[in-house]
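# Fold and geometry: a report
So the chains spell out like this:
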Amino acid sequence: MKKRVSYNLKSYLVPLASIIVVACIAWLRASRRDDMAYLWIFLGLIVFMVIMMLFFSPVSIHLTDNVISLKSPLRSISVPLDEIIRIRNFVPSPSAKSPFGARDWMGTWGQFKDSRVGKYQAFYGNPDNCYLIELSNGKNYLIGCDDVSDIISSVLKRRPDLNADGKLAIN
């Protein structure tokens, strides 16, 4: 099963505006001082930002019998289904802290920390369509895609040891 990650308008506007602002600053600095070093430094910064987006921005979610694959344009992360101890709907907090992540840069991706669940790896576009996966090794993934309820029910079908609210049933 494959589900697409939908972005909100802000996820398109923030990177575009940032790149335009950085490019304008570089051009103004280079033209005022007749020094092309500023232009090259800022051009390198723009290239770095675009490469980061290509490696980390969410594009789609693939659910197979064994894994949930989180696809970006240049990489893929696999979350094994047998390590899931809980899966549930979750709306991310706008006040979540991000030491290594980006919010609204072609989706939201990277490491975040929320007071409700602790640290998690974010991988979503629209914050209203998200679910949280908690793994047995302590890692958490906040994933977003179209038709979240279909993904959750499919995981629950593949993992009969998870009960109806997505928690691991203890025998």
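Our subject is the structure that appears above.
I will try to describe carefully the structure that is included in this document. (Residues numbered from 1 in each chain as written. Predicted model: local features only at pLDDT ≥ 70, side-chain atom pairs only at ≥ 80, totals over all residues. Heavy atoms only, no water.)

## Observations concerning the sheet that holds strand β6 (residues 97-102)
Judged by pairing direction, the sheet is mixed, and its 6 strands sit side by side in the order β5-β9-β10-β8-β7-β6 without closing on themselves. Whereas interior strands pair on both sides, the edge strands pair on one side only; in this sheet they are β5 (84-89) and β6. Between one strand axis and the next, the sheet turns by 20° as a mean value, whatever way the strands run. Where strand β9 (residues 130-135) and strand β10 (residues 140-144) come together, 5 bridges link them in antiparallel fashion. (Pairing = 2+ DSSP bridges. Helix = DSSP H or I, 4+ residues; strand = E, 2+ residues; numbered from the N terminus. Axes fitted to C-alpha atoms, helices over the stretch in contact; angles between N-to-C directions.)

## Some words on the nonpolar core
Ile61, Ile68, Leu70, Ile84, Tyr131, Ile133 and Val155 are the most contacted members of the largest nonpolar core, which totals 23 residues. Mapped onto this core, the elements with two or more residues apiece are β2 (60-63), β3 (67-71), β4 (76-80), β5, β9, β10 and α3 (148-158). When residues in this core are grouped by element, the largest group, 4 residues, is from α3. Discounting residues that sit within four places of it in the chain, isoleucine 84 has contacts with Ile68, Ile133, Glu134, Leu135, Val155, Arg159 and Leu162. (Core = buried A, V, L, I, M, F, W, Y, C linked by side-chain atoms within 4.5 Å. Buried < 20%, exposed > 50% of the residue type's maximum accessible area, 1.4 Å probe, protein only. Contact = heavy atoms within 4.5 Å.)

Purely geometric stuff here, so don't read any function into it on its own.
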